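# Analysis of the macromolecular model
If you want the building blocks of each chain, they are given just below.
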Amino acid sequence: MIIAAAQFTARPCDVDANVARMAGFVTESAERGAALVVFPELAVTGYELPEIVADPDRLAFAPDDPRLDPVRQACAAAGVAAVVNCAGRTAAGPTITSYVYGPDGALLTRYDKRHVTDTERAAGFVPGTADGRFTLGGVAFGLAICFDTHFPELAARAAADGCRVLLASSLYSKGVGAEERVAVFPALARDHGLHVLLANHTGPAGPYDACGLSAVWSPDGGVLAEAPATAPGLVSADVLS
């Protein structure tokens, strides 16, 4: 099974432009033979925390929001699943959420980020309370969102539940963020016997300058594929073949 990570520079709060770009990546993923493509953290709006919290009616999404239709339609047309990260809606407040759409465009699962950062909590985002799981092609997948990957117990639970791949929608910046990425992801793969995928932003992302370098690691911690630091595009790897 080929899985892919898409990295790009999201336009701040320009939902239509970002969703159109993501739909294009779904189509390109199919052309590369991928069964699944994963997008970075808050890819639909960009990592624009104050703006999202100030206008959740416009910048937070239910899974059936018609503005996400181009991605769902691309999934159905291409036969590719997609992990779409955006602000979600709950009664308690906005969440940082991955909606997983299957190869028919239907919702497979929702995962709300369990470990929000202090900055995200201060902005008004609330943490999720359940782990994210779905099955595609007979393979069980676990979900993580950025800071989640700094809590090894999340990956340990995924492995214990029979997941073989951990998918992380993230935002890592240049400098310290890039160093954290190198330290965290190979260890998650090696310590828990998982394939691990990182989908990261590149370029400006809210107050950060993202480092790109989306990648896939094998269960021994080795890099199977890695995107460049600056260029938008797809990185893909054949896992579990």
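Before going into details, it helps to say that this report is about the structure given with it. (Residues numbered from 1 in each chain as written. Predicted model: local features only at pLDDT ≥ 70, side-chain atom pairs only at ≥ 80, totals over all residues. Heavy atoms only, no water.)

## So, the overall build of the protein
- Of regular secondary structure, the protein possesses seven helices and 14 strands.
- In summary, the protein has a C-alpha radius of gyration of 16 Å against a globular reference of 18 Å for 241 residues, a match within 12%.
- Taken over the C-alpha atoms alone, the protein extends approximately 45 × 40 × 35 Å along its principal axes.
- Of all 241 residues assigned to the protein, the portion counted as buried reaches 56%. (Helix = DSSP H or I, 4+ residues; strand = E, 2+ residues; numbered from the N terminus. Rg over C-alpha atoms; globule rule 2.2 N^0.38 Å. Buried < 20%, exposed > 50% of the residue type's maximum accessible area, 1.4 Å probe, protein only.)

## Brief notes about the layout of surface pockets
- By volume, the largest pocket is sized at about 310 Å³.
- Forming the walls of the largest pocket are 15 residues, and the residues nearest its centre are Thr 117, Cys 146, Leu 171, Glu 180 and Tyr 208.
- At the level of elements, α5 (118-123) and α7 (176-192) are the ones that each hand at least two residues to the lining of the largest pocket.
- Partitioned by chemical class, the residues of the lining of the largest pocket number six nonpolar, five polar and four charged. (1 Å grid on protein atoms, 1.4 Å probe; cavity = no way out; pocket = protein on both sides within 12 Å on 5 of 7 lines; lining within 4 Å. Points joined across faces, edges and corners; volume = space filled by probe spheres on them. Nonpolar A, V, L, I, M, F, W, Y, C, P; charged D, E, K, R; others polar.)

## Structural notes on the sheet that holds strand β8 (residues 165-170)
- Spatial strand order, β6-β7-β8-β9-β12-β13: six strands in an open sheet with mixed pairing. Pairing within the sheet leaves two strands with one partner each, and these edge strands are β6 (132-136) and β13 (223-226). In this sheet, neighbouring strand axes are inclined to one another by 20° on average, regardless of whether the strands run parallel or antiparallel.
- By the bridge criterion, three bridges tie strand β9 (residues 195-200) to strand β12 (residues 215-217) in an arrangement that is antiparallel. Its bridge partner being in β12, Leu 198 is matched across the sheet by Ala 215. (Pairing = 2+ DSSP bridges. Axes fitted to C-alpha atoms, helices over the stretch in contact; angles between N-to-C directions.)

## Observations regarding the side chain of Thr 109
- Relative to the helices and strands, Thr 109 resides in strand β5 (residues 107-112).
- When its relative accessible area of 15% is taken as the criterion, Thr 109 is described as buried.
- A distance of 3.4 Å separates the side chain of Thr 109 from the backbone oxygen of Arg 133, its partner in a polar contact. (Polar contact = N/O pair within 3.5 Å; in protein donor to acceptor, adjacent residues only side chain to side chain.)

## What to know about the sheet that holds β5
- An order of β5-β4-β3-β2-β1-β14 is seen for the six strands of this open sheet, with the pairing classed as mixed. Here the strands that pair on one side only, and so sit at the sheet edges, are β5 and β14 (233-238). Neighbour-to-neighbour, the strand axes of this sheet turn through a mean angle of 20°, independent of strand direction.
- Across six bridges, strand β1 (residues 2-7) lies against β14 in antiparallel orientation. Of the residues in β14, the one forming a bridge with Ala 6 is Leu 234.

## Observations concerning the nonpolar core
- Within the largest apolar cluster, 82 residues are counted, with the highest numbers of intra-cluster contacts made by Leu 36, Phe 39 and Leu 167.
- Not counting the four nearest positions on each side in its chain, Leu 167 is found in contact with Ile 3, Leu 36, Val 38, Val 83, Phe 134, Phe 141, Gly 142, Leu 143, Ala 144 and Leu 197. (Core = buried A, V, L, I, M, F, W, Y, C linked by side-chain atoms within 4.5 Å. Contact = heavy atoms within 4.5 Å.)

## Description of the packing of helix α1 (residues 15-31) against helix α4 (residues 69-78)
- The N-to-C vectors of α1 and α4 enclose an angle of 10°; their axes lie 8 Å apart at closest approach. Here α4 runs roughly parallel to α1, going by the angle between their axes. Judged by residue contacts, Val 19, Met 22, Ala 23, Val 26, Thr 27 and Ala 30 of α1 engage Pro 70, Val 71, Ala 74, Cys 75 and Ala 78 from α4.
- Class assignment of the residues belonging to the contact of α1 with α4 gives a composition of 10 nonpolar, one polar and no charged. (Parallel < 35°, antiparallel > 145°, perpendicular 65-115°, else oblique.)

## Here's the deal with the pairing of β13
- As paired elements, β12 and β13 share three bridges and run antiparallel to each other. Opposite Ala 215, over in β13, you have Glu 226 as the bridge partner.
- Count of turn residues in the β12/β13 antiparallel hairpin: five residues, of which Gly 221 carries a positive phi of about 90°.

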